[in-house]
Every structure is written in structure tokens, then in C-alpha cells.
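# What the coordinates show
Read off the chains here:
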Amino acid sequence: MTDWYAVYSHPNAEKTALGHLQRQGFEAYLPQYRKRRRHARRTEQVLRPLFPRYLFVRFDIAQVRWRPILSTVGVCGMVRNGDEPTRVPGGVIEALQANEGSGVFDALSPTKGLREGDAVRIVDGPFAELIGRFCGVADAERVIVLLDFLGRQVSARVPAEAIAAAP
């Protein structure tokens, strides 16, 4: 009977490990989500691992030699209990695959879940570390934040990636 097992990869080597495991004939799965990344004044969507440094491999432990997984390029080890790999509980991977396909994990909008009046913290730019109130969305890339600045309330338009919910 085939079960899923967790594999621990080297830093930022999840995709490398996935490719090498698949070339060895293992059924492997790397849960990912879409994230908006801004670089050099360009915004693009990139896929990032849902669980950094972890991916999953499926095999029958009674019939498959699993130790070659440990020497696979990109793999650091496996989650084990003693000497045996620890099985991922049934249904977990299937639920991850179903939710990943529907886009539940995607982080395309940092304003997701924010409502007008919610406290936000500016995390980047000239207003970094200031606390303000979320007022709304200005356009596709900017949001409006009300800041207490120099003794008065000032409305500022900041990049959506530059805000985070305040604690």
C-alpha cells in the first residue's frame, strides 16, 4: 500500500529535489502557492513552496527501497521516527492538492482580508514601520492608508506589497 512521506530539502532546493526524485521514478509532490513579487519596477507572479524546505514522496515502504531518497540531489533528509520514515496521515496530501488547485493558498493580494479601518503597518518605503489605518484600494498596485504623521492625519498611497496587518 502506497503512503506519502515528508522529505526535507536543502534551502531553496525544493524544485531541484522534486525533479531528481521524479527522475528516479518516485511520485513526488511539492505544494506551491502563487505570490506577487516586485523587482526592478516590475510585478510578476511566482510560485513559492507552501512549506519551505518540505516536499512529499509517495511509495510502498514494504516494496520500494527508500534509502536512495536520502542521497538525492537537493534532499537533506526525511522526517523519520527512529530509522523508519514517518507516514503522512491519510487524506492530508489529497486535501492539499485539492486546495492548491482552487487557489486557496495564493497570496496575490496583500489586502486580502483587510477591511476599511483595520490597523496596518508599513513594511517598506519611506514610511516604513509607521502604523496607520487601511482606507481602501487606490488602483491595481496601490492602497490608501491614513497615517498619523507630524501631528495630523495624512492620507498616503503606498504599494499594496508595502503593508501588513498590524498586531
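Summarised in this report is the structure supplied together with it. (Residues numbered from 1 in each chain as written. Predicted model: local features only at pLDDT ≥ 70, side-chain atom pairs only at ≥ 80, totals over all residues. Heavy atoms only, no water.)

### Looking at the sheet that holds strand β6 (residues 75-78)
Working definition: the strands of a sheet are paired by backbone hydrogen bonds and lie parallel or antiparallel to each other. Taken in spatial order, the four strands of this open sheet run β2-β5-β1-β6, and their pairing is antiparallel. Since the sheet does not close on itself, it has two edges, and those belong to β2 (27-29) and β6, each with one partner. Averaged over all adjacent pairs, the angle separating strand axes in this sheet is 35 degrees, with direction ignored. In the sheet, β2 pairs with strand β5 (residues 54-59) via three bridges, with the strands oriented antiparallel. Pairing of Ala-28 across the sheet is with Val-57, part of β5. Sheet strands in contact with helix α1 (residues 14-23) are β1 (3-9), β2, β5 and β6, and its direction is about 15 degrees off that of β5. Lying on the sheet, helix α2 (residues 92-102) is in contact with β1, β2 and β5; it crosses β2 at an angle near 55 degrees. (Pairing = 2+ DSSP bridges. Helix = DSSP H or I, 4+ residues; strand = E, 2+ residues; numbered from the N terminus. Axes fitted to C-alpha atoms, helices over the stretch in contact; angles between N-to-C directions. Contact = heavy atoms within 4.5 Å.)

### Considering the nonpolar core
Judged by nonpolar contacts, the single largest core of 15 residues is most densely connected at Val-7, Leu-21, Leu-55, Val-57, Phe-59, Ile-69 and Met-78. Setting aside residues up to four positions removed in sequence, Ile-69 forms contacts with Val-7, Leu-21, Phe-26, Val-57, Phe-59, Val-75 and Met-78. If you look at the next biggest cluster of nonpolar residues, it comprises eleven residues, including Phe-134, Val-143, Leu-147 and Ala-160. (Core = buried A, V, L, I, M, F, W, Y, C linked by side-chain atoms within 4.5 Å. Buried < 20%, exposed > 50% of the residue type's maximum accessible area, 1.4 Å probe, protein only.)

### Some points on the sheet that holds strand β10 (residues 131-137)
Here five strands make up an open sheet; going across it, the order is β12-β11-β10-β9-β13 and the pairing antiparallel. On the outer flanks of this sheet lie β12 (152-159) and β13 (163-165), each paired with one strand and no other. Each strand axis lies, on average, 45 degrees off the axis of its neighbour in the sheet, ignoring direction. Sheet analysis places β10 next to strand β11 (residues 142-149), joined by five bridges and oriented antiparallel. Across the sheet, the residue bridging to Gly-136 is Ile-144, located in β11.

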